[in-house]
Amino acid sequence: DYLSTFAHKVSLDGKMSATKLPSGTHAIQFSHSGKYLIDQFNSMKDPMVVSVLDLNGKVLKELLRSADKLANVKTANVQLLKLKSADGKFELPAKLMLPANFDSTKKYPVIVYLYGGPHLQLLKNSYPASGNLWYDYMTQQGFIVFSMENRGAANRGKDFEQATFRQLGSAEMADQLQGVAYLKSLPYIDTTKMGVHGWSFGGFMTTSLMTRFPGTFQVGIAGGPVINWEWYEVMYTERYMDTPQENAAGFDANNCTKHVDKLQGKLLMIHGADDNVVVLQHNMRFLKACVDKKIPVDFFV
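Calculation notes
- Residues numbered from 1 in each chain as written.
- Predicted model: local features only at pLDDT ≥ 70, side-chain atom pairs only at ≥ 80, totals over all residues.
- Heavy atoms only, no water.
- Helix = DSSP H or I, 4+ residues; strand = E, 2+ residues; numbered from the N terminus.
- Rg over C-alpha atoms; globule rule 2.2 N^0.38 Å.
- Buried < 20%, exposed > 50% of the residue type's maximum accessible area, 1.4 Å probe, protein only.
- Contact = heavy atoms within 4.5 Å.
- Axes fitted to C-alpha atoms, helices over the stretch in contact; angles between N-to-C directions.
- Parallel < 35°, antiparallel > 145°, perpendicular 65-115°, else oblique.
- Nonpolar A, V, L, I, M, F, W, Y, C, P; charged D, E, K, R; others polar.
- Arc of directions from axis to C-beta.
- Polar contact = N/O pair within 3.5 Å; in protein donor to acceptor, adjacent residues only side chain to side chain.
- Expected span 1.5 Å × (residues − 1).
- Pairing = 2+ DSSP bridges.
- Core = buried A, V, L, I, M, F, W, Y, C linked by side-chain atoms within 4.5 Å.
- Patch = residues over 30% accessible without salt bridge, like charges linked within 9 Å, V, L, I, M, F, W, Y side chains within 5 Å.
- Areas by Shrake-Rupley, 256 points an atom, 1.4 Å probe, with all protein chains shown as cover.
- Salt bridge = Lys/Arg side-chain N within 4 Å of Asp/Glu carboxyl O.

Chemist: For this particular structure, what's the right way to read the overall build of the protein?
Modeler: Secondary structure assignment for the protein yields seven helices and 14 strands. In terms of overall size, the protein behaves like a compact globule, its C-alpha atoms giving a radius of gyration of 21 Å where 301 residues would be expected to give roughly 19 Å. Judged by the C-alpha coordinates and their principal axes, the protein covers about 65 × 55 × 40 Å. For the protein, the residues scored as buried account for 46% of the 301 residues in total. A separation threshold of at least 6 residues defines the contact pool for the protein, and within that pool the share at least 24 residues apart is 62%.

Structure (C-alpha cells):
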C-alpha cells in the first residue's frame, strides 16, 4: 500500500475510524448533491475503472472498465523495494524494472530515472506497473531501469517532505546515492555502465550528481535542468529555499555551475528554447561555465 493514493472517509467529530477504497490510485469527484461520487481508479494490475459510488464506497454503477492492452506485451518485471535514507530515519520506496527475459547470470547496464523534487509522487500503485511505458521500452532494449522516491517527495508525510527545506538537492542526492549503493550490491548490474536521467528537477538532480559525485555514473542526460535556484521562479524557490539573501549558503551549495570542473563521464544537456519555467538562461550559464573550464558536454536544443 505504500505506493497507493487512497480516498478516506472520516467523521468531523473523530468518532468514525477512517475507511478507504481498494489499493491503487483514485481520483474522486463528488456530485453536486454530495450524495454520490465518481471514482477513477487504476492500479499496477488495473488499467482504468470508472464507477459511481455511494458515500459508503459501494459501487452503484460501473461506467468504464478498460481492457489491458499490454496483456500480450513483454513489459518489465517490476520489483517493489523499500530502501533506507542516508540517515536511516526514512523509508525510500523504489521500483526495480528488469527485462521480461531477465537472466540473473548476465550483467545489465542500468538507467536511474529520477525527479526528486517536492510536490510530486513519482512512484505510484498505478498503471502501467512500471509507471511509464518508456521504462518498459528500455527494458526491452536490454537495460535495467531503477527509480526511487527520495526525501522531499510528496505524500510521504510532513517530515519526509520538509527534510529538504533551504537545501534543495542535498538530502535528495544523499538518498539517491543509497539507491546507487543498492544497485552496485546486485551481482547482475554492470557497474561500468550506469546512467542517470531526469527532467526539470530531475535535470537538476542529474547535473548535480554528475558534477558533485563524479564517477558515480558514466552517462547523464539532463532535460530542462535548474542550474541555479536564483534563476528559478520566485513562488516555488522562496517556498522551499527562502531568498538568496536569507539563505546564501543553501543557494551557493546547490549551484551547479560551481561544480563543473569535477565532471566525469558524458553529460548531455537538453533544453527547450521557449521554456518559460526553467528558462534557457540556466543551461546557457552552465554551458558558459563548461567552456570557461574547458569541460566538454553535449547540448541539444
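Chemist: Got a minute to help me understand the packing of helix 3 (residues 170-185) against helix 4 (residues 201-212) in this structure?
Modeler: When two helices pack together, you describe them by how their axes are tilted relative to each other and by the distance separating the axes. Contact geometry for helix 3 and helix 4: axes closest at 11 Å, N-to-C directions at 70°. Our classification of the angle between helix 3 and helix 4 gives roughly perpendicular. On the side of helix 3, the interface is formed by Ser170, Glu172, Met173, Gln176 and Leu177, while helix 4 contributes Phe201, Met205, Ser208, Leu209 and Arg212. In terms of residue class, the contact of helix 3 with helix 4 is built from five nonpolar, three polar and two charged.

Chemist: Help me out: how do you make sense of helix 1 (residues 133-140) in this one?
Modeler: Structural remark: α-helix, 3.6 residues per turn; residues separated by three or four positions point the same way. Buried within helix 1 we find Tyr135, Asp136, Met138 and Thr139. The buried side chains of helix 1 occupy one side of the element, clustering within an arc of 165° when seen end-on. Contacts from the buried residues of helix 1 go to strand 8 (91-98), strand 9 (108-113) and strand 10 (144-148). Its side-chain oxygen 2.8 Å from the backbone nitrogen of tryptophan 134, asparagine 132 forms the N-cap of helix 1. Just downstream of helix 1, glycine 142 is the residue with a positive phi angle, here 100°.

Chemist: Quick question: what am I supposed to make of helix 4 here?
Modeler: In this model, helix 4 (twelve residues) spans 16 Å end to end at C-alpha, consistent with the 16 Å of a helix rising 1.5 Å per residue. Within helix 4, eleven of the twelve residues are buried, leaving the element largely enclosed by the surrounding structure. Looking at helix 4, one finds that the buried residues are Phe201, Gly202, Gly203, Phe204, Met205, Thr206, Thr207, Ser208, Leu209, Met210 and Thr211. Each element contacted by the buried residues of helix 4 is listed here: helix 3, strand 11 (189-199), strand 12 (219-223), helix 5 (234-241), strand 13 (266-270) and helix 7 (281-293).

Chemist: Just to check I follow, could you spell out the sheet that holds strand 12 for this structure?
Modeler: In a beta sheet, neighbouring strands pair by backbone hydrogen bonds and run either parallel or antiparallel. The eight strands lie next to each other as 7-8-10-9-11-12-13-14, forming an open sheet whose pairing is mixed. Because the sheet does not close on itself, it has two edges, and the strands there are strand 7 (77-84) and strand 14 (298-300). Across the sheet, the mean angle from the axis of one strand to that of its neighbour is 20°, orientation sign disregarded. As paired elements, strand 12 and strand 13 share five bridges and run parallel to each other.

Chemist: I tried to follow the nonpolar core on my own but got confused; where do I start?
Modeler: A general feature of soluble globular proteins is that nonpolar side chains tend to end up buried together. Core analysis: the largest hydrophobic core is formed by 52 residues, its most contacted members being Leu96, Phe146, Leu183 and Trp229. In terms of residue count, the dominant contributor to this core is helix 4 (five residues). With residues near it in sequence (within four places) discarded, leucine 183 still touches Leu96, Val110, Val112, Phe146, Ile189 and Met194. In terms of nonpolar packing, the next biggest core, distinct from the first, is built from nine residues, Met44, Val78, Tyr113 and Tyr135 among them.

Chemist: Teacher, can you tell me more about the sheet that holds strand 5 (residues 49-54) here?
Modeler: The sheet built from four strands is open, its strands ordered 3-4-5-6 with antiparallel pairing. Looking along the sheet, the strands with just one partner apiece sit at the ends: strand 3 (25-30) and strand 6 (59-65). Direction aside, the axes of adjacent strands within the sheet are offset by 20° on average. Sheet topology places strand 3 next to strand 4 (residues 36-42); six bridges connect them, and they run antiparallel. Note on strand 4: the bridge partner recorded for threonine 25 is asparagine 42.

Chemist: Would you explain a nonpolar patch on the surface in this entry?
Modeler: A contiguous nonpolar patch, built from Ile28, Phe30 and Leu55 and spanning about 270 Å² of accessible area, is present on the exposed surface. Take isoleucine 28: it is sitting in strand 3. Classification of isoleucine 28 as partly exposed rests on a relative accessible area of 30%.

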